[in-house]
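# Structural overview for review
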Amino acid sequence: MEFNSFEGAEHWPFILKINLVLSLFFLMLTLAFVALVIYLRIRKNRMEAYRTRFDRKLIEFFNHFLFDEDFKRAAELGDFKFRYLKTAYDHKLAIKQVLIFDENLKGESSEAIKELFNGLGLYKYLLSDLKAKAWYRQARALYALSKLGIKVPEALVTPFLHSNRVELRQQAMLYFLNTSQENPLAFLDDLDRELSLWQQVFIENSLINFDLEVPDFGRWFNHDKSSVVVFCIKMVVSFNQFQNIPLLIEALDHTDEAVRAQAINSLKIMEVTDALQLMTANFPYESPSNKRAILYAIEKIGTAKDLRTLVSAIGREEENLQIDYYKIATRFENEIPVRKLINPDNITNDWADYQYYSKRVLQGA
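Notes on the structure in this doc start here. A quick note: this is a predicted structure, and the numbers were derived from the prediction, not measured.

### Re helix α10 (residues 226-238)
Between its first and last C-alpha, α10 extends 18 Å over 13 residues, near the 18 Å set by a 1.5 Å rise per residue. α10 sits mainly inside the fold: eleven of its 13 residues count as buried. Ser 226, Ser 227, Val 228, Val 229, Val 230, Phe 231, Cys 232, Ile 233, Met 235, Val 236 and Val 237 are the residues of α10 that are buried. Summarising the contacts, the buried residues of α10 are in contact with α9 (197-209), α11 (245-250) and α12 (257-269).

This is how it looks when you write it as structure tokens:
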């Protein structure tokens, strides 16, 4: 049987019909894919050419607006906006160029850039992005507003602090940091999620690198989120807020282990010897990591007597703590002859004898 034409296709075996259909299908799919690739490539080239031309127009217009004293700003703004800012892509390119100019120009030029920004209708465009449902449009708008230091109604931004998208929460924090002069960390009051370590770092860097008023971090020591309290305890040390030392000592009794750990470390750094009494009192009830932190706090700001008071609270099974105790005790070698009583190679077996010795020394002191 010959198959030189499709005239008798209805009489072909079923398997040949299937092969023909699949071959035609994959041929069409291949052609469609190639056509799509070519279309996207042509579109990309056209968009790139358009962007280059439009960027050139923007830069030329911005330079005239900012530096040409004879430039009729009001009239030219309206004309440029009417003639060139027609699509969302045009607005995005204009915002990008405004951000570039703002980053490189300071002083009086910054005010002129904001006038340019408002005159081109970019403020209204970003407001529409803030109200959009797409999270990336909202994040992009927050980023541009924060970089330019342009304020919008607070009610539009505060909800983003509670967003499920971490990008939106971070951009909202950055917005408040960049636009608030009197109380840049007021947004902490509205946080209902834990602060990530990365967020803590960029908030601290913002306070250091931007000319912002540093708040009294003691106001957030009772915050519902423990990460906020931990962050504020760190900032008390970073910005030398010695007036909050009593609050740091109170934090040693906090219900969260991480808060207590940070309080121990901060009090050690600030060399607050008055905190040692509460640290040693809490030692038997602390977690192993916090016990270790207390031992090293005593190494830095305590005495041999402070160290001896803890020996009875270290159990026979807590070998790691015993080793830490041994290392720290060597610093007080003249007052605690630990080398003569403990064999570091077999420290656990000798620990009970050393506890007995320490109790006797304390009782006789």
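### Let's talk about the packing of aromatic side chains
As enumerated under the stated definition, the model contains 17 aromatic pairs in all. With 6.3 Å between their ring centres and 35° between their planes, Phe 61 and Phe 65 make a pair best called tilted. Here the residue Phe 61 and the residue Phe 65 both occupy positions in helix α1 (residues 14-67), the gap between them amounting to four residues, near one helical turn. Overall, the relative accessible area of 7% leaves Phe 61 in the buried class. Classification of Phe 65 as buried rests on a relative accessible area of 0%. The rings of Phe 61, Phe 62, Phe 65, Phe 71, Phe 80, Tyr 84 and Phe 101 are connected pair by pair, giving a single aromatic cluster. Cation over ring: Arg 73 sits above Phe 65, and NZ or CZ is 4.6 Å from the ring centre.

### Re the packing of α1 against helix α3 (residues 88-104)
Two numbers describe how α1 lies on α3: the axes approach to 10 Å, and their chain directions differ by 50°. Accordingly, the angle class assigned to the pair α1 and α3 is oblique. In this structure, α1 meets α3 at a crossing whose hand is right-handed. Residues Met 47, Tyr 50, Arg 51, Phe 54, Asp 55, Leu 58, Ile 59, Phe 62, Asn 63 and Leu 66 of α1 touch α3, and the partners they reach there are Tyr 89, Asp 90, Leu 93, Ala 94, Gln 97, Val 98 and Phe 101. Class assignment for the residues of the contact of α1 with α3 results in twelve nonpolar, two polar and three charged.

### A look at the pattern of salt bridges
A complete count under the given rule lists eleven salt bridges for this structure. The salt bridge involving Arg 51 is made with Glu 48; its shortest N-O contact spans 2.6 Å. With Arg 51 and Glu 48 both in helix α1 and three residues apart, this pair spans about one turn of that helix. A salt bridge links Arg 292 to Asp 324; its shortest N-O distance comes to 2.9 Å.

### Notes on the environment of Asn 183
Turning to its location among the elements, Asn 183 is positioned in the loop between α8 (166-179) and α9. The spacing of Asn 183 and Val 214 is 31 residues in sequence and 8.0 Å in space, taken between C-alpha atoms.

### Brief notes about the side chain of Gln 322
Mapping Gln 322 onto the fold places it in helix α16 (residues 319-329). Look at Gln 322 and you get buried, because its relative accessible area is 0%. Apart from the residues lying within four places of it in its own chain, the contact partners of Gln 322 are Ile 314, Gly 315, Arg 316, Glu 317, Ile 347, Thr 348 and Trp 351.

### Some words on the side chain of His 223
Position of His 223 relative to the elements: it lies in the loop between α9 and α10. The exposure class of His 223 is buried, given its relative accessible area of 14%. Here Leu 188 takes part through its backbone oxygen, which lies 2.7 Å from a polar atom of the side chain of His 223. In contact with His 223, not counting residues within four places along its chain, are Leu 188, Asp 189, Leu 191, Val 228 and Val 229.

### Quick word on the layout of surface pockets
Put simply, the largest pocket is a space of about 590 Å³. Within the residue set of the lining of the largest pocket, elements represented by two or more residues are α3, α4 (108-119), α6 (135-148), α8 and α9. Tallied by class, residues from the lining of the largest pocket come to eight nonpolar, seven polar and seven charged. A volume near 210 Å³ is recorded for the second largest pocket. Glu 154, Tyr 175, Phe 176, Thr 179 and Ser 180 are, among the 13 residues lining the second largest pocket, the residues nearest its centre. Top element by residues in the lining of the second largest pocket is α8. It accounts for three residues. Of the residues that constitute the lining of the second largest pocket, the class distribution is seven nonpolar, three polar and three charged.

### A short note on a nonpolar patch on the surface
Taken together, the side chains of Phe 14, Ile 15, Leu 16, Ile 18, Leu 22, Phe 25, Phe 26 and Leu 29 present a nonpolar region at the surface, about 780 Å² in accessible area. With respect to the helices and strands, Ile 15 occurs in helix α1. For Ile 15, a relative accessible area of 54% translates into the label exposed.

### As for the nonpolar core
Counting residues in hydrophobic clusters, the biggest one holds 100 residues, and the most contacted among them are Leu 120, Leu 185, Phe 187, Ile 203, Phe 217, Met 279 and Tyr 325. The greatest single-element share of this core, amounting to nine residues, is contributed by α10. Setting aside anything within four residues of it in sequence, one finds Met 279 in contact with Leu 252, Ile 264, Leu 267, Ile 294 and Ala 297.

### Topic: the packing of α9 against α10
Angle between the axes and distance between the axes are the two parameters that describe a pair of packed helices. Put simply, α9 and α10 touch, their axes get as near as 11 Å, and they point 35° apart. Considering only the axes of α9 and α10, their crossing is right-handed. Seen from α9, the contacting residues are Leu 197, Gln 200, Ile 203 and Glu 204; seen from α10, they are Ser 227, Phe 231, Lys 234, Met 235 and Ser 238. The residue makeup of the contact of α9 with α10, split by class, is four nonpolar, three polar and two charged.

Each value, and the rule that gives it
- Residues numbered from 1 in each chain as written.
- Predicted model: local features only at pLDDT ≥ 70, side-chain atom pairs only at ≥ 80, totals over all residues.
- Heavy atoms only, no water.
- Helix = DSSP H or I, 4+ residues; strand = E, 2+ residues; numbered from the N terminus.
- Expected span 1.5 Å × (residues − 1).
- Buried < 20%, exposed > 50% of the residue type's maximum accessible area, 1.4 Å probe, protein only.
- Contact = heavy atoms within 4.5 Å.
- Phe/Tyr/Trp six-rings, centres within 6.5 Å; stacked < 30°, edge-to-face > 60°.
- Lys NZ or Arg CZ within 6 Å of the ring centre and 35° of its normal.
- Axes fitted to C-alpha atoms, helices over the stretch in contact; angles between N-to-C directions.
- Parallel < 35°, antiparallel > 145°, perpendicular 65-115°, else oblique.
- Left-handed = near helix turned anticlockwise from the far one by under 90°.
- Nonpolar A, V, L, I, M, F, W, Y, C, P; charged D, E, K, R; others polar.
- Salt bridge = Lys/Arg side-chain N within 4 Å of Asp/Glu carboxyl O.
- Polar contact = N/O pair within 3.5 Å; in protein donor to acceptor, adjacent residues only side chain to side chain.
- 1 Å grid on protein atoms, 1.4 Å probe; cavity = no way out; pocket = protein on both sides within 12 Å on 5 of 7 lines; lining within 4 Å.
- Points joined across faces, edges and corners; volume = space filled by probe spheres on them.
- Patch = residues over 30% accessible without salt bridge, like charges linked within 9 Å, V, L, I, M, F, W, Y side chains within 5 Å.
- Areas by Shrake-Rupley, 256 points an atom, 1.4 Å probe, with all protein chains shown as cover.
- Core = buried A, V, L, I, M, F, W, Y, C linked by side-chain atoms within 4.5 Å.

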